Amino acid sequence: MNYLPVQYDTSTLSRYAELFSKCFPASAGFTLDYLDWLYRLNPDGLAIGFDAWDGNKLVAHYVCVPVKALVSGRTVHALLSLNTATHPDYQGRGLFTKLAQFTFAAGAGAGLDCVFGVANANSTGGFVRKLGFRLVEPLEAKIGYGGLEIDWDIVDQTALFARQWSPDSLKWRCANPKRPVFFRQDKQEILFRAPVKGILLSAYAELPLRNFTSIDAGTENLPSLLHLFIGLVPTGACQFRRYISIPHRFRPSPLNFIFLSLNSTTATIEKGSVSFSFLDFDAY
(Lines give C-alpha, C1' and ligand atoms only; values in the text may rest on other atoms or scores of the structure.)
Protein backbone atom coordinates (compact mmCIF):
# COMPACT_ATOMS: atom_id res chain seq x y z
CA MET A 1 0.00 0.00 0.00
CA ASN A 2 1.39 3.39 -1.01
CA TYR A 3 0.33 6.60 0.75
CA LEU A 4 0.69 9.68 -1.45
CA PRO A 5 -0.43 13.33 -1.23
CA VAL A 6 -3.59 14.25 -3.11
CA GLN A 7 -3.26 15.56 -6.66
CA TYR A 8 -5.29 18.15 -8.55
CA ASP A 9 -5.05 17.19 -12.22
CA THR A 10 -8.22 16.29 -14.09
CA SER A 11 -7.30 12.62 -14.40
CA THR A 12 -6.78 12.17 -10.65
CA LEU A 13 -9.85 14.21 -9.76
CA SER A 14 -11.83 11.86 -11.98
CA ARG A 15 -10.41 8.92 -10.01
CA TYR A 16 -11.62 10.58 -6.80
CA ALA A 17 -15.09 11.04 -8.28
CA GLU A 18 -15.13 7.37 -9.29
CA LEU A 19 -14.16 6.28 -5.76
CA PHE A 20 -16.90 8.44 -4.24
CA SER A 21 -19.47 6.89 -6.59
CA LYS A 22 -18.44 3.42 -5.41
CA CYS A 23 -18.55 4.38 -1.73
CA PHE A 24 -21.67 6.55 -1.86
CA PRO A 25 -23.78 5.33 -4.81
CA ALA A 26 -26.82 7.31 -3.63
CA SER A 27 -24.95 10.63 -3.81
CA ALA A 28 -24.51 12.35 -7.16
CA GLY A 29 -22.73 15.41 -5.75
CA PHE A 30 -19.09 14.41 -6.16
CA THR A 31 -18.70 15.57 -9.75
CA LEU A 32 -15.49 16.61 -11.44
CA ASP A 33 -16.61 20.26 -11.40
CA TYR A 34 -17.36 20.10 -7.68
CA LEU A 35 -14.01 18.51 -6.77
CA ASP A 36 -12.13 20.99 -8.95
CA TRP A 37 -13.95 23.87 -7.22
CA LEU A 38 -13.31 22.46 -3.74
CA TYR A 39 -9.75 21.16 -4.11
CA ARG A 40 -8.14 23.60 -6.54
CA LEU A 41 -10.03 26.90 -6.74
CA ASN A 42 -10.31 27.77 -3.04
CA PRO A 43 -8.68 31.24 -2.62
CA ASP A 44 -7.33 30.14 0.78
CA GLY A 45 -5.21 27.43 -0.85
CA LEU A 46 -5.10 23.97 -2.38
CA ALA A 47 -6.66 21.05 -0.54
CA ILE A 48 -4.38 19.04 1.72
CA GLY A 49 -4.84 15.29 2.01
CA PHE A 50 -3.56 11.81 1.25
CA ASP A 51 -4.53 8.82 -0.85
CA ALA A 52 -3.97 5.09 -0.35
CA TRP A 53 -3.04 3.19 -3.51
CA ASP A 54 -2.91 -0.58 -3.90
CA GLY A 55 -0.75 -0.71 -6.99
CA ASN A 56 -2.63 1.41 -9.55
CA LYS A 57 -5.92 1.14 -7.67
CA LEU A 58 -7.09 4.08 -5.58
CA VAL A 59 -8.57 2.52 -2.44
CA ALA A 60 -8.88 5.37 0.08
CA HIS A 61 -8.90 9.16 0.06
CA TYR A 62 -9.02 11.92 2.68
CA VAL A 63 -8.99 15.69 2.20
CA CYS A 64 -9.07 18.86 4.28
CA VAL A 65 -9.37 22.34 2.81
CA PRO A 66 -7.45 25.34 4.17
CA VAL A 67 -9.42 28.24 5.64
CA LYS A 68 -8.79 31.28 7.79
CA ALA A 69 -10.31 31.31 11.27
CA LEU A 70 -10.33 33.36 14.44
CA VAL A 71 -9.16 31.03 17.22
CA SER A 72 -8.79 32.35 20.77
CA GLY A 73 -8.40 35.90 19.51
CA ARG A 74 -5.83 35.09 16.80
CA THR A 75 -6.30 34.90 13.04
CA VAL A 76 -4.88 31.53 12.00
CA HIS A 77 -4.65 29.25 9.00
CA ALA A 78 -6.73 26.16 9.74
CA LEU A 79 -7.99 23.00 8.06
CA LEU A 80 -11.61 22.04 7.53
CA SER A 81 -11.93 18.26 7.60
CA LEU A 82 -14.15 17.19 4.71
CA ASN A 83 -14.07 14.36 2.21
CA THR A 84 -13.19 10.81 3.13
CA ALA A 85 -13.85 7.58 1.26
CA THR A 86 -12.57 3.99 1.49
CA HIS A 87 -13.30 1.43 -1.21
CA PRO A 88 -15.80 -1.18 0.06
CA ASP A 89 -13.24 -3.97 -0.43
CA TYR A 90 -10.69 -2.21 1.79
CA GLN A 91 -12.79 -1.05 4.73
CA GLY A 92 -11.88 -2.10 8.26
CA ARG A 93 -8.12 -1.83 7.69
CA GLY A 94 -7.58 1.51 9.41
CA LEU A 95 -6.79 3.34 6.17
CA PHE A 96 -8.74 6.48 7.09
CA THR A 97 -6.80 6.84 10.36
CA LYS A 98 -3.47 6.57 8.52
CA LEU A 99 -4.48 9.06 5.86
CA ALA A 100 -5.71 11.50 8.50
CA GLN A 101 -2.46 11.21 10.45
CA PHE A 102 -0.43 11.91 7.30
CA THR A 103 -2.69 14.85 6.46
CA PHE A 104 -2.46 16.45 9.88
CA ALA A 105 1.32 16.01 9.95
CA ALA A 106 1.53 17.73 6.57
CA GLY A 107 -0.73 20.52 7.81
CA ALA A 108 1.33 21.04 10.95
CA GLY A 109 4.51 21.05 8.86
CA ALA A 110 3.03 23.76 6.66
CA GLY A 111 2.29 25.91 9.72
CA LEU A 112 -1.45 25.36 9.98
CA ASP A 113 -2.84 25.89 13.45
CA CYS A 114 -5.75 23.45 13.86
CA VAL A 115 -8.29 21.15 12.25
CA PHE A 116 -12.04 21.46 12.70
CA GLY A 117 -15.04 19.79 11.20
CA VAL A 118 -18.49 18.33 11.58
CA ALA A 119 -18.87 14.62 12.32
CA ASN A 120 -22.04 12.58 12.47
CA ALA A 121 -22.91 10.17 15.25
CA ASN A 122 -21.16 7.25 13.54
CA SER A 123 -17.85 8.96 12.86
CA THR A 124 -17.44 11.17 15.93
CA GLY A 125 -16.07 8.37 18.11
CA GLY A 126 -13.32 7.55 15.62
CA PHE A 127 -12.21 11.17 15.38
CA VAL A 128 -12.11 11.48 19.17
CA ARG A 129 -10.57 8.11 20.14
CA LYS A 130 -8.18 7.52 17.25
CA LEU A 131 -7.18 11.01 16.18
CA GLY A 132 -7.39 13.07 19.38
CA PHE A 133 -10.18 15.46 18.40
CA ARG A 134 -12.26 17.18 21.03
CA LEU A 135 -16.03 16.88 20.74
CA VAL A 136 -16.94 20.49 21.49
CA GLU A 137 -20.73 20.30 21.20
CA PRO A 138 -23.57 19.16 18.94
CA LEU A 139 -24.76 21.59 16.30
CA GLU A 140 -28.11 23.30 16.76
CA ALA A 141 -30.78 22.45 14.21
CA LYS A 142 -33.66 24.94 14.20
CA ILE A 143 -36.40 25.94 11.81
CA GLY A 144 -38.19 29.28 11.69
CA TYR A 145 -38.67 32.47 9.74
CA GLY A 146 -37.07 35.89 9.50
CA GLY A 147 -33.68 36.94 10.80
CA LEU A 148 -31.73 35.32 13.63
CA GLU A 149 -31.21 38.61 15.53
CA ILE A 150 -27.65 37.72 16.54
CA ASP A 151 -25.90 40.15 18.88
CA TRP A 152 -22.58 40.46 17.05
CA ASP A 153 -20.98 42.40 19.90
CA ILE A 154 -21.42 39.37 22.17
CA VAL A 155 -20.07 37.12 19.41
CA ASP A 156 -16.97 39.31 19.09
CA GLN A 157 -16.44 39.29 22.85
CA THR A 158 -16.99 35.59 23.57
CA ALA A 159 -16.34 33.49 20.47
CA LEU A 160 -13.20 31.37 20.74
CA PHE A 161 -13.76 29.99 17.26
CA ALA A 162 -15.22 31.64 14.15
CA ARG A 163 -14.36 31.23 10.52
CA GLN A 164 -12.99 34.40 8.92
CA TRP A 165 -14.41 35.14 5.50
CA SER A 166 -13.04 37.54 2.90
CA PRO A 167 -14.99 38.85 -0.11
CA ASP A 168 -13.01 36.45 -2.33
CA SER A 169 -13.59 33.40 -0.14
CA LEU A 170 -17.31 34.21 0.18
CA LYS A 171 -17.62 34.57 -3.59
CA TRP A 172 -15.95 31.16 -3.97
CA ARG A 173 -18.14 29.56 -1.30
CA CYS A 174 -21.35 30.84 -2.85
CA ALA A 175 -20.28 29.47 -6.27
CA ASN A 176 -20.45 25.85 -5.07
CA PRO A 177 -21.43 23.99 -8.27
CA LYS A 178 -23.25 21.33 -6.27
CA ARG A 179 -25.53 23.80 -4.48
CA PRO A 180 -25.08 27.55 -5.08
CA VAL A 181 -25.60 29.88 -2.13
CA PHE A 182 -27.65 33.05 -2.63
CA PHE A 183 -27.03 36.17 -0.57
CA ARG A 184 -28.07 39.77 -0.15
CA GLN A 185 -27.23 42.70 2.08
CA ASP A 186 -29.56 43.79 4.83
CA LYS A 187 -29.06 46.88 6.98
CA GLN A 188 -26.40 45.35 9.23
CA GLU A 189 -25.98 41.77 8.01
CA ILE A 190 -25.33 39.75 4.91
CA LEU A 191 -28.04 37.09 4.61
CA PHE A 192 -27.21 33.73 3.04
CA ARG A 193 -29.44 30.89 2.00
CA ALA A 194 -29.16 27.63 0.08
CA PRO A 195 -32.46 26.12 -1.11
CA VAL A 196 -33.29 22.77 0.45
CA LYS A 197 -36.87 22.40 -0.77
CA GLY A 198 -37.44 25.10 -3.38
CA ILE A 199 -39.11 28.23 -2.02
CA LEU A 200 -40.45 26.33 0.99
CA LEU A 201 -37.22 25.82 2.96
CA SER A 202 -33.63 27.10 2.76
CA ALA A 203 -30.53 26.64 4.86
CA TYR A 204 -29.88 30.07 6.37
CA ALA A 205 -26.97 32.01 7.84
CA GLU A 206 -25.94 35.57 8.62
CA LEU A 207 -22.66 37.47 8.84
CA PRO A 208 -22.16 41.03 10.14
CA LEU A 209 -21.77 43.52 7.31
CA ARG A 210 -19.28 45.52 9.39
CA ASN A 211 -16.67 42.77 8.92
CA PHE A 212 -16.36 43.58 5.21
CA THR A 213 -14.96 46.69 3.58
CA SER A 214 -16.52 45.63 0.28
CA ILE A 215 -18.92 42.93 -0.85
CA ASP A 216 -20.91 42.27 -4.01
CA ALA A 217 -24.48 43.54 -3.95
CA GLY A 218 -25.77 39.96 -3.83
CA THR A 219 -27.24 37.13 -5.84
CA GLU A 220 -30.54 36.67 -3.99
CA ASN A 221 -33.40 35.07 -5.88
CA LEU A 222 -36.91 34.35 -4.53
CA PRO A 223 -36.94 34.19 -0.71
CA SER A 224 -37.99 31.00 1.06
CA LEU A 225 -40.89 30.73 3.46
CA LEU A 226 -38.91 28.96 6.20
CA HIS A 227 -35.28 29.00 7.29
CA LEU A 228 -33.20 26.08 8.50
CA PHE A 229 -30.38 27.06 10.87
CA ILE A 230 -27.69 24.43 11.36
CA GLY A 231 -24.78 25.69 13.42
CA LEU A 232 -23.74 27.29 16.67
CA VAL A 233 -23.93 30.74 18.25
CA PRO A 234 -21.96 31.66 21.40
CA THR A 235 -23.95 31.53 24.61
CA GLY A 236 -26.14 34.61 25.08
CA ALA A 237 -25.68 35.97 21.55
CA CYS A 238 -28.99 34.78 20.08
CA GLN A 239 -32.41 33.97 21.50
CA PHE A 240 -33.82 32.37 18.31
CA ARG A 241 -37.17 34.06 19.01
CA ARG A 242 -38.79 32.95 15.77
CA TYR A 243 -37.15 29.53 15.61
CA ILE A 244 -37.84 26.15 17.20
CA SER A 245 -35.47 23.21 17.66
CA ILE A 246 -36.00 20.23 15.36
CA PRO A 247 -36.60 17.11 17.51
CA HIS A 248 -33.71 14.63 17.33
CA ARG A 249 -35.97 11.90 16.00
CA PHE A 250 -36.57 14.00 12.87
CA ARG A 251 -32.88 14.68 12.19
CA PRO A 252 -31.08 12.30 9.78
CA SER A 253 -28.09 12.19 12.15
CA PRO A 254 -26.92 14.40 15.00
CA LEU A 255 -23.98 16.53 13.88
CA ASN A 256 -21.10 17.43 16.19
CA PHE A 257 -18.53 20.22 16.00
CA ILE A 258 -15.08 18.70 16.54
CA PHE A 259 -11.70 20.40 16.96
CA LEU A 260 -8.04 19.35 16.98
CA SER A 261 -5.13 21.68 17.76
CA LEU A 262 -1.97 21.25 15.68
CA ASN A 263 -0.23 23.91 17.77
CA SER A 264 0.42 23.36 21.48
CA THR A 265 -0.19 27.06 22.20
CA THR A 266 -3.79 26.97 20.95
CA ALA A 267 -6.30 27.05 23.80
CA THR A 268 -9.04 24.45 24.08
CA ILE A 269 -12.30 25.42 22.42
CA GLU A 270 -15.13 25.14 24.93
CA LYS A 271 -18.85 24.58 24.56
CA GLY A 272 -20.78 27.80 24.09
CA SER A 273 -17.86 29.65 22.45
CA VAL A 274 -18.27 28.73 18.77
CA SER A 275 -19.77 30.81 15.95
CA PHE A 276 -20.61 28.43 13.11
CA SER A 277 -23.15 28.02 10.32
CA PHE A 278 -23.85 25.99 7.20
CA LEU A 279 -21.51 28.35 5.32
CA ASP A 280 -18.60 27.07 7.38
CA PHE A 281 -18.82 23.44 6.29
CA ASP A 282 -20.16 21.60 3.30
CA ALA A 283 -23.71 20.79 4.37
CA TYR A 284 -25.41 22.88 1.67
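What counts, and where the lines are drawn
- Numbering of residues starts from 1 in each chain and follows the order in which that chain's sequence is written.
- In view of the model being predicted, local features appear only for residues whose pLDDT reaches at least 70, and side-chain atom pairs are presented and counted only at 80 or more, with totals across whole chains, interfaces and linings using the full set of residues.
- Side-chain measures here rest on the full set of heavy atoms in the structure, leaving out hydrogens and waters.
- Only runs of H or I of at least four residues qualify as helices and only runs of E of at least two qualify as strands under DSSP, and these elements are numbered from the N terminus.
- The rule is simple: take the accessible area with a 1.4 Å probe, protein chains only, and divide by the maximum for that residue type; under 20% is buried, over 50% is exposed, in between is partly exposed.
- Contacts are residue-level and defined by heavy atoms, with any inter-residue pair within 4.5 Å sufficient.
- Here, Shrake-Rupley sampling with a 1.4 Å probe gives the accessible areas, and only protein chains in the shown set may cover a residue.
- Counted as positive: Lys and Arg. Counted as negative: Asp and Glu, with His and the chain ends omitted from the count.
- All charge positions are set by atom: Lys at NZ, Arg at CZ, Asp at CG, Glu at CD.
- By definition, two strands form a pair when at least two bridges between them are found by DSSP.
- Only C-alpha atoms enter the line fits that serve as axes; for helices the fit covers just the stretch in contact. Angles between N-to-C directions range over 0 to 180 degrees.
- By disulfide we mean two sulfur atoms from cysteines, separated by a distance within 2.5 Å.
- Definition of a polar contact: a pair of N or O atoms within 3.5 Å, with one able to donate and the other able to accept a hydrogen when the atoms are protein atoms, and with sequence-neighbouring residues admitted only if both atoms are side-chain atoms.
- Here, a salt bridge means any side-chain nitrogen of Lys or Arg that lies within 4 Å of a carboxyl oxygen of Asp or Glu.

A. The overall build of the chain, seen in detail. Of regular secondary structure, the chain possesses 6 helices and 15 strands. Considering only C-alpha atoms, the chain reaches an extent of 55 × 40 × 40 Å along its principal axes. For the chain, the proportion of its 284 residues judged to be buried stands at 49%. By sequence separation, contacts in the chain at least 24 residues apart represent 74% of the contacts at least 6 residues apart. With an accessible surface of roughly 13500 Å², the chain has 53% of that area assigned to carbon and sulfur atoms. Here the chain carries 27 positive and 24 negative side-chain charges, and the mean point of each set is 6 Å from the other.

B. Broad picture of the sheet that holds strand β10 (residues 189-197). The sheet built from 6 strands is open, its strands ordered β9-β10-β11-β12-β7-β13 with mixed pairing. A single partner strand is all that each edge strand has here, and the edge strands are β9 (182-185) and β13 (243-245). Ignoring which end each strand starts from, the neighbouring axes of this sheet average 30° apart. In this sheet, strand β12 (residues 226-231) lies alongside strand β7 (residues 140-144) in antiparallel orientation, the contact comprising 5 bridges.

C. Fine view of the state of the cysteines. One pass over the full model with this rule turns up 0 disulfides. The closest cysteine sulfur to the non-disulfide-bonded cysteine 23 is located on cysteine 64, 17 Å from its own sulfur.

D. Representation of the environment of proline 247 in the model. Take proline 247: it is sitting in the loop between β13 and β14 (255-261). Residue classification places proline 247 among the partly exposed positions, given a relative accessible area of 34%. Counting along the chain gives 105 residues from proline 247 to lysine 142, while the straight-line C-alpha distance between them is 9.0 Å.

E. View of the side chain of serine 224. Here serine 224 lies in the loop between β11 (201-208) and β12. Polar contacts involving the side chain of serine 224 include one to the side chain of serine 202, which spans 3.2 Å. Separated by 3.2 Å, the side chain of serine 224 and the backbone oxygen of leucine 226 make a polar contact. If near-sequence neighbours (up to four positions away) are discounted, serine 224 is found in contact with Arg193, Ile199, Leu200, Leu201 and Ser202.

F. Layout of unusual backbone geometry. Located in the positive-phi region is serine 72, a residue other than glycine, with phi close to 50°. Its place among the elements puts serine 72 in the loop between β3 (57-71) and β4 (74-86). According to the relative accessible area criterion, serine 72 is partly exposed, its value standing at 28%. Although it is not a glycine, phenylalanine 240 sits at a positive phi angle of roughly 50°. In this structure, phenylalanine 240 sits in the loop between β12 and β13.

G. Main features of the pattern of salt bridges. Scanning the model with the defined rule gives 10 salt bridges in all. Ionic pairing is found between lysine 142 and glutamate 140, a salt bridge with its closest N-O pair at 3.8 Å. Residue lysine 142 is classed as buried on the basis of its relative accessible area, which comes to 10%. Judged by relative accessible area, glutamate 140 falls into the partly exposed class, the value being 31%. Three or more residues are tied together by salt bridges with common partners; here these are Glu149, Arg241 and Arg242.

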